[in-house]
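# Notes for the structure review
Each chain, letter by letter, is given below.
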Amino acid sequence: KRFTNKRLETTLGNIQLDNFLMVGAGWTKTGQAVQTLWTMGAAAVVVGGVVLNKQRGNEGKTQDMLTSGVSWNYIGLKSPGAKVVADRLSIYQNSKIPIFANIAPNTQTLLKDIPQNLTLTASMLNPYVSGFELDCSCPNLNKKGLFQDLNLLTESVEAIQDITNKFLTLKTSP
């Protein structure tokens, strides 16, 4: 049975959450663990990073433990692509689980094509999510200075907002 308590309820934009715990991107890159994470107590689940087209993640060692309870990952933007993730999320279309999609452009996308790439990704996921998290801090993207250009970031945000009125936030580095 899922634990809830009225005192823990909050809202994010116009989305009602039954507590403050959101599971961040990376714990279920493809949406396969949404139900499990929600049942375990997460108020919302962030799926992804989701990119438009299938791509491999980083090569070599991608996860390890530094010390007991402290881990790191360098998985990269490994993704089966937006269509596969959308198909997996379609089973939640009428559920009460708040799902957010962390979206990013494919790593090989030309800078001029990024807003269109993100719009196509968001369009595929839009029917199945409560909102979007635009990944502006992935080191795999920032290698080429992505989103350090305010005009590119603005154009990308506006392109996503043109196709949806759902909650949109930016994931940035601390």
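Just above sits the structure.
Right, let's walk through the structure included here. Fair warning: this is a prediction, and the values are worked out from it, not measured in the lab.

Here we take up the environment of Lys61. Here Lys61 shows up in the loop between β4 (44–50) and β5 (63–67). In the structure, Lys61 is positioned 12 residues away from Gly49 in sequence and 19 Å away in space, judged by C-alpha atoms.

This next bit is on the pattern of salt bridges. Opposite charge on two side chains permits pairing when their charged atoms draw close. All told, the structure shown has 5 salt bridges when counted by the stated rule. Residue Glu59 pairs with Arg56 through a salt bridge whose shortest N-O separation is 2.8 Å. With respect to class, Glu59 is no different from Arg56; both count as exposed. For the salt bridge of Lys112 with Asp113, the shortest nitrogen-to-oxygen distance reads 3.0 Å.

This brings us to the packing of helix α2 (residues 82–89) against helix α3 (residues 114–125). Closest axis-to-axis distance for the α2/α3 pair is 8 Å, and the angle between their directions is 20°. One element, α2, and the other, α3, form an angle in the roughly parallel class. The two elements α2 and α3 meet at a crossing, and its hand is right-handed. Together, Ala82, Lys83, Val85, Ala86 and Leu89 of α2 and Thr121, Met124 and Leu125 of α3 make up the contact between the two elements. Tallied by class, residues from the contact of α2 with α3 come to 6 nonpolar, 1 polar and 1 charged.

By the burial criterion, the buried members of α2 are Ala82, Val85, Ala86 and Leu89. For α2, the angular spread of the buried residues around the axis is 100°, confining them to a single face. In the core, the buried residues of α2 are packed alongside α1 (34–39), β4, β7 (99–103) and α3.

Turning next to the nonpolar core. Grouped together as the largest cluster of nonpolar side chains are 29 residues, with contacts concentrated most on Val34, Val47, Leu89, Ile99, Ile103, Leu125 and Leu134. For this core, the secondary structure elements donating two or more residues are α1, β4, α2, β7, α3, β8 (131–135) and α5 (150–163). Not counting chain neighbours up to four residues away, the residues in contact with Val47 comprise Thr28, Lys29, Thr30, Gly31, Val34, Val85, Leu89, Ile99, Phe100, Ala101 and Asn102. In this structure, Ala43, Ala44, Val46 and Phe100 belong to the second largest nonpolar core, which totals 6 residues.

Now for a nonpolar patch on the surface. On the surface, a cluster of nonpolar side chains totalling about 350 Å² of accessible area is made up of Phe3, Leu8 and Phe20. Secondary-structure assignment places Phe3 in the segment before β1 (10–12).

Attention now moves to α3. Owing to its 3.6 residues per turn, the α-helix aligns residues three or four sequence positions apart on the same side. Between its terminal C-alpha atoms α3 stretches 17 Å, which fits the 16 Å expected from 12 residues at 1.5 Å a residue. Buried within α3 we find Ile114, Pro115, Asn117, Leu118, Thr119, Thr121, Ala122 and Leu125. Of the surrounding secondary structure, the elements contacted by the buried residues of α3 are β4, α2, β7, β8 and α5.

Glancing now at the side chain of Thr119. Structurally, Thr119 is set in helix α3. Looking at Thr119, the relative accessible area reads 15%, which means it is buried.

The interhelical angle for the contact between α3 and α5, taken along N-to-C directions, is 30°, at an axis separation of 9 Å. Taken together, the axis directions place α3 and α5 in an arrangement best described as roughly parallel. Of the two possible hands of crossing, α3 and α5 adopt the one that is right-handed. Contacts from Ile114, Pro115, Leu118, Thr119, Ala122 and Ser123 of α3 reach α5 at Leu152, Glu155, Ser156, Ala159, Ile160 and Ile163. Residues of the contact of α3 with α5, tallied by class, amount to 8 nonpolar, 3 polar and 1 charged.

What counts and what doesn't
- Residues numbered from 1 in each chain as written.
- Predicted model: local features only at pLDDT ≥ 70, side-chain atom pairs only at ≥ 80, totals over all residues.
- Heavy atoms only, no water.
- Helix = DSSP H or I, 4+ residues; strand = E, 2+ residues; numbered from the N terminus.
- Salt bridge = Lys/Arg side-chain N within 4 Å of Asp/Glu carboxyl O.
- Buried < 20%, exposed > 50% of the residue type's maximum accessible area, 1.4 Å probe, protein only.
- Axes fitted to C-alpha atoms, helices over the stretch in contact; angles between N-to-C directions.
- Parallel < 35°, antiparallel > 145°, perpendicular 65-115°, else oblique.
- Left-handed = near helix turned anticlockwise from the far one by under 90°.
- Contact = heavy atoms within 4.5 Å.
- Nonpolar A, V, L, I, M, F, W, Y, C, P; charged D, E, K, R; others polar.
- Arc of directions from axis to C-beta.
- Core = buried A, V, L, I, M, F, W, Y, C linked by side-chain atoms within 4.5 Å.
- Patch = residues over 30% accessible without salt bridge, like charges linked within 9 Å, V, L, I, M, F, W, Y side chains within 5 Å.
- Areas by Shrake-Rupley, 256 points an atom, 1.4 Å probe, with all protein chains shown as cover.
- Expected span 1.5 Å × (residues − 1).

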